[in-house]
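Here's the letter readout for the chains.
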Amino acid sequence: MLIFNSRDKAYKSIISAIAVDEKCKFRIIVPRDCKCSCAKLAVTKENEDTVCYDMFWAGMCGDNNEYWELHFFAESPGLYFYHFELDTLWGKGFIKNQGGIGVYSAQGGGFRQVVYAKDFTTPDFLKGGIIYQIFPDRFYNSGQEKKDIPAVRVMRKWGEEPFWREEQMNGMWNNDFFGGDLKGIEQKLGYLSELGVSCIYINPIFEAHSNHRYDTADYEKIDPLLGTQEDLKSLCKTAKEEYGISVILDGVFSHTGCDSKYFNMYGTYPTLGASNSKDSEYYDWYKFIDYPDDYDSWWGIKLLPEVKEESESYREYICGKNGILRKWLKCGISGWRLDVADELPDIFLDDLRKAVKEENKDAVIIGEVWENAAEKFSYGNRRRYLLGEQLDSVMNYPFADAVLNFVRYANGADFFNCVMDIVENYPPQVLNILMNHIGTHDTQRAITRLVGPDCNGRDRDWQHKNNELSQYDYLKGISMMKAASLLQYTLPGVPSIYYGDEIGMQGMEDPFNRACMQWDDQNKELLKWYRRLGQIRRGCPCLYDGEFEPVYCSGAVIAYSRTSESSACLVAVNNSDKYAEVPISNLWDNSYSYFGYASKNGVISLPPYRYAMLYRTK
C-alpha cells in the first residue's frame, strides 16, 4: 500500500494549488510494523524556516497499516515545500517525494504546494470556449484599400511561399507582406463561429516594420496594412454582438523595434528617439552600454532593443491612467496576451494587472511562459505569476508537449505525469482558462510535428526541403491530428487553434509555419472534425470546469474523466496497433457515446488507433 500520493484524494483532499486559509487534509498510511509514535508534516515556505505540524493518529487501515492525518492551511501566498517525518522504533524516518509518490528515505524533501491569494479570481468568459490564434498578415485580405504603406515593404501575391532566403529579402528580414487585415478577420467571423470559436487572439497589430510586428514602432497606432483604430472597434463590436466572440491582443512590452518613434535609429520618425539624443524623453527606457551603438537587445538581436520595464516613465506610458493598455481596452478588446512574460519584471506585471483590472475587471491577462509557470524562476527570484497579483492564465506549452508526444510516441505514463504536474500546481481558476494550444507562430505546425522529421537544429534550407509531407504521411497526420485535438479539447483549459491547423496546413518553423490561410485548399475531413469538436465542447458543461482524473493507463492506452456537479465525460484513446480492452467503471455503461464505442460491463473495446468519448448527466 502506498504511504502517500500527492495526486490522489485518498491522501490529499485538494489536488491543486490552494487559497490562503483554505484547509487541505493530508493523510499518510504507515505500516504498524514501524511502531510509529509521532508523525509530523514539515512545511517550508520558500526562503523561510521549516515549520513542523503534529499529525494525529486516525485509526487503522486494514490489519497492518494505520492512518495519520491533519488539516493544513497557509497564511500567505507563495511556493511551499513539504515532507513527512516519523518517530519510529528505529529512530526518525522521512517520507519524501518521488514522482508524486511518498517513499521512505533517510531525509525528507520534494513535495510542493502552491498557495494563492484568497481573493484571486479569473475572468469567466473563456471557460468552456475555444480560442483561435490569427497571424494577421496571413489570415484574410478583405480587399480594402491600404493607405500610407511604407515603400520599402514588399507586397506578395496571396498564397505564395513566404520569403526564407536572405537574398530574397535584400537585407531586410521579414519584409514580405501578403495584406491580411482586420476587416478580413471581420469578414470571416462566420467561419470562426462555425468552429465554435469564442475568443480570437491576434498576433501584434500595432505599427511595425516586420510582417510579424514584434518590433513595435508605435504602440498608439494600428499598422496601416492592417487597417485603422475604427477597424479594430468594428471587429470587436461585430464579433461580440453578433457572434459572442471576444478579441484579445498581443502585448509586446519587453522590447521595441530599433526603427520606432521611441528608439528611431534610422530617423524614420520626427520624434527625438533614444538613439538620437540623451535628451530624448525615451532615453531612460533603454539599456545603453556604449552610447549610441551598443545597447542591450532581445536575445542579442540589435533590431529589437530591450526596454527597461522598471523605468517609471515607461511604466506610466504603458500602464498609466492614459496608457497603452487602457487605450486599447477602451476600443473593445477583452484582454492581453503578453509576449515573453517571463522577461517582464514583477514591478511591471504588478502595474499591468492593476491597470487592466481597473479598466475592465473581466479582461484577461495571458502570459507567454513555456515552462510550469507555478515554479518558474527568473530575474533571480521565484516568479509569482499565478498567485493572484499578475497573470490570469498562461500559454500551456507543457500540455502541448504532453498531447503531441503521446500521439506521436504513445507513452501514456509520460502523458499523465505531464498533465498532473500542471493540475496539481495551478489554481483551479487558472487551470480552467489555460490557453491549450498544440501549435503557434513560434512552433512547427502541429501536423508536421506529429508525423514529420525533427527540425531541431536544422537550418532553413533543410526545413524548406522537408517542409511538405508525403501523401502517405499527410493522411497519417490527419488521423493523428484527430486524436491530438480530441485530447486538446477535453483536457482542463481552453483549446487554442492556430489558424489553418483545422484544415491540415503543414509547415516547419518560421517562416514556413506562417503561410497564408488556404481558403481554397482545405482538408474537409479535418475541418468537419474540428467543427464537431466545437459542438461537443459546447454541449458538455463538465468541460468548462470539471475536475480531471486519470482513470486508466497501460502503455499506449489511456483513459481519463472530467466531472462537474451536473455532468461527466470520459475519454479513452488506444494509440497502439492492437485491440485494447479499457477497464473504466460500469457507471459508464449507459452513457452517450460520441464516436460509437460504448462501455459494456465497465469496459470499452477499442480497435487500434481509435478513441471513445462518453458523456452522462449526474
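Coordinates for the structure precede this section.
Everything numeric in this text was worked out from a predicted model, so none of it was measured. Each chain has its residues counted from 1, following the order in which its sequence is written. Note on the predicted model: pLDDT of at least 70 is required for a residue's local features to be given, and 80 or more for side-chain atom pairs to be given and counted; whole-chain, interface and lining totals, by contrast, use all residues. Only hydrogens and water are removed before side-chain values are computed, so all heavy atoms of the structure are retained for them.

Caption draft 1: Main features of the overall build of the protein chain. Along the protein chain, the regular secondary structure elements total 16 helices and 35 strands. Expected size for 618 residues packed as a compact globule is a radius of gyration near 25 Å; at 26 Å, the protein chain falls within 12% of this value. Based on the C-alpha atoms only, the size of the protein chain along its principal axes is roughly 85 × 55 × 45 Å. Think of it in three bands: residues with accessible area under 20% of the maximum for their type are buried, residues over 50% are exposed, and the middle band is partly exposed, with areas taken using a 1.4 Å probe on protein chains only. Out of the 618 residues belonging to the protein chain, those deemed buried represent 60%. Strands here mean DSSP runs of E at least two residues long; helices mean DSSP runs of H or I at least four residues long; both are numbered from the N terminus. The quantity called the radius of gyration is restricted to C-alpha atoms. Its globule counterpart is 2.2 Å times the number of residues to the power 0.38.

Caption draft 2: Here's a closer look at the pattern of salt bridges. Take a side-chain nitrogen of Lys or Arg and a carboxyl oxygen of Asp or Glu: if they are within 4 Å of each other, that pair is a salt bridge. Throughout the structure, instances matching the rule amount to 53 salt bridges. The salt bridge partner of Asp87 is Lys92, with a shortest N-O separation of 3.2 Å. On the accessibility criterion, Asp87 (26% relative accessible area) is partly exposed. Judged by its relative accessible area of 46%, Lys92 falls in the partly exposed class. One salt bridge connects Asp218 with Lys261, and the closest N-O pair in it is separated by 3.5 Å. A residue pair is termed long-range when its members are at least 10 positions apart, and Asp218 in strand 17 (residues 216-222) and Lys261 in the loop between strand 18 (246-251) and strand 19 (288-290) qualify at 43 residues.

Caption draft 3: Region of the structure containing the sheet that holds strand 32 (residues 592-593). Spatially, 28-29-30-35-32 is the arrangement adopted by the five strands of the open sheet, whose pairing is antiparallel. Of all strands in the sheet, those with a lone pairing partner are strand 28 (547-554) and strand 32, marking the two edges. Bridge analysis of strand 28 against strand 29 (residues 557-563) gives seven bridges, and the strand direction is antiparallel. Counted as the bridge partner of Glu549 is Ser561 from strand 29. We call two strands paired when DSSP finds no fewer than two bridges between them.

Caption draft 4: Highlighting the packing of aromatic side chains. Only the six-membered ring of Trp is used, alongside the rings of Phe and Tyr, when aromatic pairs are assigned; centres must lie within 6.5 Å, and planes under 30 degrees apart are stacked while those over 60 apart are edge-to-face, with the rest tilted. Applying the stated rule across the entire model yields 55 aromatic pairs. Residues Tyr283 and Tyr291 carry aromatic rings whose centres are separated by 5.7 Å and whose planes lie at 70° to one another, so their mutual orientation is edge-to-face. For the ring pair Tyr594 and Phe595, a centre distance of 6.4 Å and an interplane angle of 50° mean the geometry is tilted. The buried category is assigned to Tyr594, whose relative accessible area is 16%. Chaining the aromatic ring pairs together yields one cluster made of Phe206, Tyr219, Phe253, Tyr262, Tyr282, Trp285, Tyr314, Tyr317, Trp328, Trp336 and Phe348. Its end group placed over the ring of Tyr140, Lys188 keeps NZ or CZ at 4.6 Å from the ring centre. Seen from the ring of Trp328, Lys327 lies directly overhead, with NZ or CZ sitting 4.8 Å from the centre. Geometrically, a lysine NZ or arginine CZ counts as sitting over a ring once it is within 6 Å of the ring centre and also within 35 degrees of the ring normal.

Caption draft 5: Layout of the sheet that holds strand 18. Pairing is parallel in the open sheet, where eight strands are placed in the order 25-22-21-18-15-12-27-26. Sheet topology places strand 25 (393-394) and strand 26 (435-437) at the edges, where each strand pairs with a single neighbour. Relative to strand 25, strand 22 (residues 364-367) runs parallel, the two being bridged by two bridges. Bridge pairing links Ile366 to Ser393 in strand 25.

Caption draft 6: Quick peek at the pairing of strand 4 (residues 38-45). Extensive coverage of strand 4 is indicated by the burial of six of its eight residues. The pairing of strand 4 with strand 8 (residues 78-88) spans eight bridges and is antiparallel. Within the sheet, the bridge partner assigned to Val43 lies in strand 8 and is Tyr82. In this structure, strand 4 lies alongside strand 5 (residues 50-54), joined through five bridges in antiparallel fashion. Within the sheet, the bridge partner assigned to Lys40 lies in strand 5 and is Asp54. Between the antiparallel neighbours strand 4 and strand 5 lie four residues, among them Asn47 with a positive phi of about 70°.

Caption draft 7: Expanded view of the packing of helix 9 (residues 397-409) against helix 14 (residues 471-490). Interaxial angles span 0 to 180 degrees and are taken between N-to-C directions of axes, which are lines fitted to C-alpha atoms, for helices over the stretch in contact. Viewed as axis vectors pointing N to C, helix 9 and helix 14 meet at an angle of 145°, and their least axial separation amounts to 9 Å. The two elements helix 9 and helix 14 meet at a crossing, and its hand is right-handed. When helix 9 is examined against helix 14, the residues Val403, Phe406, Val407 and Arg408 are found in contact with a partner set consisting of Met480, Ala483, Ala484, Leu487 and Gln488. Each residue receives one of three labels: charged for Asp, Glu, Lys and Arg, nonpolar for Ala, Val, Leu, Ile, Met, Phe, Trp, Tyr, Cys and Pro, and polar for the others, Gly being one of them. Grouping the constituent residues of the contact of helix 9 with helix 14 by class yields seven nonpolar, one polar and one charged. In this scheme, a crossing is called left-handed if the near helix is turned counterclockwise away from the far one by less than a right angle; it is called right-handed if the turn is clockwise. Contacts are assigned to residue pairs that have any heavy atoms within 4.5 Å of one another.

Caption draft 8: Broad picture of the environment of Tyr615. Mapped onto the fold, Tyr615 is located in strand 35 (residues 610-617). Residue class for Tyr615 comes out buried when judged on its relative accessible area of 15%. Considering only alpha carbons, one finds Tyr615 and Trp588, 27 residues apart in sequence, at a separation of 8.0 Å. Look past the residues within four positions of Tyr615 in its chain and what remains in contact with it is Gly539, Cys540, Pro541, Cys542, Ser567, Ala568, Cys569, Ser591, Tyr592 and Tyr594.

Caption draft 9: The arrangement of the layout of surface pockets in detail. Definitions used throughout: a 1 Å grid over protein atoms alone; a cavity as a set of points that fits a 1.4 Å probe which cannot get out; a pocket as an open set with protein on both sides within 12 Å along at least five of seven lines; a lining residue as one with an atom within 4 Å of a point. Grid points are joined across faces, edges and corners, and a volume is the space filled by probe spheres set on the points. Considered as a void within the structure, the largest pocket measures approximately 1,300 Å³ in volume. Along the walls of the largest pocket sit 38 residues, with Asn174, His212, Trp298, Ile301 and Leu304 positioned nearest its centre. Here the residues of the lining of the largest pocket are counted per class, giving 14 nonpolar, 12 polar and 12 charged. In this structure, the second largest pocket occupies an estimated 720 Å³ of space.

Caption draft 10: Region of interest: the environment of Trp519. Topologically, Trp519 is positioned in the loop between strand 27 (494-498) and helix 15 (524-538). Residue class for Trp519 comes out buried when judged on its relative accessible area of 17%. Discounting chain neighbours no more than four positions away, the residues touching Trp519 are Phe139, Tyr140, Trp158, Lys188 and Tyr191. Pairs of N or O atoms are called polar contacts if they sit within 3.5 Å, as long as, within protein, a hydrogen donor faces a hydrogen acceptor (for residues adjacent in sequence, only side-chain-to-side-chain pairs). Within the structure, the side chain of Trp519 is placed 2.7 Å from the backbone oxygen of Phe139, a separation counted as a polar contact.

Caption draft 11: Seen up close, the environment of Ser76. Turning to its location among the elements, Ser76 is positioned in the loop between strand 7 (65-72) and strand 8. On a C-alpha basis, the gap between Ser76 and Lys327 in space is 34 Å, while along the polypeptide they are 251 residues apart. In contact with Ser76, other than residues within four places in its own chain, are Val20, Lys45 and Val115. Among the polar contacts listed, one links the side chain of Ser76 to the side chain of Lys45, at a separation of 2.7 Å.

Caption draft 12: Molecular detail of a nonpolar patch on the surface. Residues forming no salt bridge and having over 30% relative accessible area are the ones grouped into patches, like charges within 9 Å of each other and nonpolar side chains (Val, Leu, Ile, Met, Phe, Trp, Tyr) within 5 Å. Surface accessibility follows the Shrake-Rupley procedure with a 1.4 Å probe radius. Residue values consider only the protein chains on display as shielding. Together, Met265, Tyr266, Trp299, Ile301 and Leu303 line one region of the surface with nonpolar side chains, adding up to about 570 Å² of accessible area. Within the secondary structure, Ile301 sits in the loop between strand 20 (294-295) and helix 5 (312-319). Assessed through its relative accessible area of 35%, Ile301 is described here as partly exposed.

Caption draft 13: Main features of helix 15. The end-to-end C-alpha distance of helix 15, which contains 15 residues, comes to 21 Å, matching closely the 21 Å that a straight helix rising 1.5 Å per residue would cover. Buried residues of helix 15: Leu526, Leu527, Trp529, Tyr530, Leu533, Gly534, Ile536 and Arg537, and no others. Here, expected helix span is obtained from the residue count minus one, scaled by 1.5 Å.

Caption draft 14: Main features of unusual backbone geometry. The peptide bond linking Tyr291 to Pro292 adopts the cis configuration, its omega dihedral lying at 0°. By secondary structure assignment, the location of Pro292 is in the loop between strand 19 and strand 20. In this model, Asp510 is joined to Pro511 through a cis peptide bond whose omega is 10°. With respect to the helices, strands and loops of the structure, Pro511 is situated in the loop between strand 27 and helix 15. The phi dihedral of Asn601 is positive, around 55°, even though this residue is not glycine. Note on placement: Asn601 falls in the loop between strand 33 (599-600) and strand 34 (603-606). By relative accessible area, Asn601 is classed as exposed at 65%.

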